[in-house]
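Summary of structural features
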Amino acid sequence: MADSDSSTTDSERTDLYKIGTVAKLTDISVERLRAWERRYGLVPAERAGKTRYYSAEQVARLKRLRALIDQGHPISTLINLSDADLASRLAPPPTHPAAAGSPRIGLIGTQLLMLEQDAGSDSRLDVAARWVSVDAWQKQPVEVDLLICLLGSLNKDSLQTLESVSGALILYHFATPDAVESAAQLGLATERWPLGWDAIEDRVRRLSRAPLRAGARVARRYSEGELLDVASASDAAGCRSPRHLTELIEALNAFEDHSQACSRDEPAIAPRHAATASAISRARSTLEEELGEWIEATGLVPLRN
């Protein structure tokens, strides 16, 4: 964009903002704004010598960019989107059918947000709010039932920040035994990072003592070959309970596949078939957890890779 006429006075720029003012309004540093100008061509509306002026429309767009970055979106994936697309991404996500008492979750931490994105529609958590960092959470807190926070270091300072939270699961890269013990005394659950999304879901279910939301299928824990191994080992051990569990799991797998096929073949009632498949997958997941307890308790078989 060409520089504006330097004879334009500040009084004539009533709808424009200097870069320092823009930084305060958007919580984006002057240095970052200049870097975005160099890297992505995010040029100000006008210039007068070395002074940059941004329009009200640009300030509004920058506020949207800042909000999405705080939710974990990289600037490189946002910079070329239209204003309408940015607003759409900021809109609340479509709601999923929720089980009675399903906990509302808040997520803190870039890596945790990326893990959620990887889970996609398979996620069973009802995530109501997301923050890229603890600082972002402190600036714009949202009331949730359980806060899941990923910390680089679990220490005295980080615990002091979170000690007033009524329900929290703290994931950490590093911590001393004393810090973990202090967290327990404060009623804060802790887990060492990294952790898979399925494991996080299971921890949430145990902490909340409530069912997770419906509307998503749960990935299968055991392959057909692994189920066969367990059934055979069960026969050899003289206890048929694990074998009966594998038979139930296989039956549910078959019915789940059938429901998925019906959702494709009968579009008029596809949502009903899809909901059934989702319910079956959750029931199967419960039986898989029970089978896992049997395997661990009895050492039936080393499952194949």
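Residues numbered from 1 in each chain as written. Predicted model: local features only at pLDDT ≥ 70, side-chain atom pairs only at ≥ 80, totals over all residues. Heavy atoms only, no water.

1. Description of the overall build of the protein chain
Within the protein chain, the secondary structure is distributed over 12 helices and 8 strands. Expressed as a percentage of its 305 residues, the buried residues of the protein chain come to 41%. (Helix = DSSP H or I, 4+ residues; strand = E, 2+ residues; numbered from the N terminus. Buried < 20%, exposed > 50% of the residue type's maximum accessible area, 1.4 Å probe, protein only.)

2. Let's talk about the sheet that holds strand 3 (residues 51–55)
Spatial ordering of the open sheet is given by 1-3-2, a layout of 3 strands whose pairing is antiparallel. Looking at which strands have only one partner, the edges of the open sheet turn out to be strand 1 (16–18) and strand 2 (46–48). Ignoring strand direction, the axes of neighbouring strands in this sheet form an average angle of 30°. With 3 bridges joining them, strand 1 and strand 3 adopt antiparallel strand pairing. By the bridge assignment for strand 3, Tyr17 is matched with Tyr54. (Pairing = 2+ DSSP bridges. Axes fitted to C-alpha atoms, helices over the stretch in contact; angles between N-to-C directions.)

3. Quick look at the packing of helix 2 (residues 30–40) against helix 3 (residues 56–70)
Interhelical geometry of helix 2 versus helix 3 gives an angle of 100° and a closest axis separation of 14 Å. By the angle between their axes, helix 2 is roughly perpendicular relative to helix 3. Listed contacts from helix 3 to Arg32, Leu33 and Trp36 of helix 2 are Leu62, Leu65, Arg66 and Ile69. Residue composition of the contact of helix 2 with helix 3, grouped by class: 5 nonpolar, no polar and 2 charged. (Parallel < 35°, antiparallel > 145°, perpendicular 65-115°, else oblique. Contact = heavy atoms within 4.5 Å. Nonpolar A, V, L, I, M, F, W, Y, C, P; charged D, E, K, R; others polar.)

4. Brief notes about the pairing of strand 7 (residues 168–175)
Strand direction decides the pairing type here: strand 6 (residues 146–154) and strand 7, joined by 7 bridges, are parallel. Residue pairing in the sheet places Ile148 in a bridge with Leu169 of strand 7. A crossover links strand 6 with its parallel partner strand 7, the connecting element being helix 7 (residues 156–162), and its sense is right-handed. In this sheet, strand 8 (residues 189–192) lies alongside strand 7 in parallel orientation, the contact comprising 4 bridges. Directly across from Leu169, in strand 8, lies its bridge partner Ala189. The handedness of the strand 7 to strand 8 crossover, carried by helix 8 (residues 177–185), is right-handed. (Right-handed = clockwise from strand over helix to strand, strands pointing away.)

5. Quick look at the nonpolar core
The biggest cluster of nonpolar side chains holds 20 residues, and the ones touching the most others in it are Trp137, Leu147 and Leu162. Taken together, the elements giving at least two residues each to this core come down to strand 5 (126–131), helix 6 (134–139), strand 6, helix 7, strand 7 and helix 8. With 4 residues, the top contributor of residues to this core is strand 6. When near neighbours in sequence (up to four residues on either side) are disregarded, Trp137 contacts Ile108, Trp131, Leu147, Thr161, Leu162 and Val165. (Core = buried A, V, L, I, M, F, W, Y, C linked by side-chain atoms within 4.5 Å.)

6. Details of the side chain of Arg61
Along the chain, Arg61 falls in helix 3. A polar contact is formed between the side chain of Arg61 and the backbone oxygen of Ile79, at a distance of 2.9 Å. Looking at Arg61, its side chain comes within polar contact range of the main-chain oxygen of Leu81, at 2.7 Å. Leave out the neighbours within four places in its chain, and Arg61 touches Leu78, Ile79, Leu81, Ser82, Asp83 and Leu86. (Polar contact = N/O pair within 3.5 Å; in protein donor to acceptor, adjacent residues only side chain to side chain.)

7. Comments concerning the pattern of salt bridges
Applying the stated rule across the entire model yields 13 salt bridges. For the salt bridge of Arg220 with Glu256, the shortest nitrogen-to-oxygen distance reads 3.4 Å. You can see Arg220 sitting in the loop between helix 9 (197–208) and helix 10 (224–237) and its partner Glu256 sitting in helix 11 (residues 241–265), a full 36 residues away along the chain. Its relative accessible area of 36% is what places Arg220 among the partly exposed residues. Glu256 sits in the buried class, given a relative accessible area of 1%. We note a salt bridge from Glu288 to Arg284, for which the minimum N-O separation is 3.5 Å. Here Arg284 and Glu288 lie together in helix 12 (residues 270–298), a separation of 4 residues that amounts to about one turn. (Salt bridge = Lys/Arg side-chain N within 4 Å of Asp/Glu carboxyl O.)

8. Regarding the sheet that holds strand 4 (residues 104–108)
Strands belonging to one sheet form pairs held by backbone hydrogen bonds; the direction of such a pair is parallel or antiparallel. Spatially, 5 strands are ordered 5-4-6-7-8 in an open sheet, and the strand pairing comes out parallel. The open sheet terminates on both sides in strands that have one partner only, identified here as strand 5 and strand 8. Looking at each pair of strands side by side, their axes are set apart by 25° on average, direction ignored.

9. Points about unusual backbone geometry
A cis amide bond, omega 10°, links Trp193 with the succeeding residue Pro194. Among the structural elements, Pro194 can be located in the loop between strand 8 and helix 9. In the Ramachandran plot, Asp27 falls in the positive-phi region, its phi being about 60° despite a non-glycine side chain. Within the fold, Asp27 resides in the loop between helix 1 (19–26) and helix 2. On the basis of relative accessible area, Asp27 is assigned to the partly exposed category, the value being 37%.

10. Points about the confidence of the model for the protein chain
Per-residue confidence for the protein chain gives a mean pLDDT of 81, with 85% of residues at or over 70. Below a pLDDT of 50 lies the segment residues 94–100, which in the model reaches 13 contacts outside its immediate sequence neighbourhood of four places, other chains included. (pLDDT = per-residue confidence, 0-100.)

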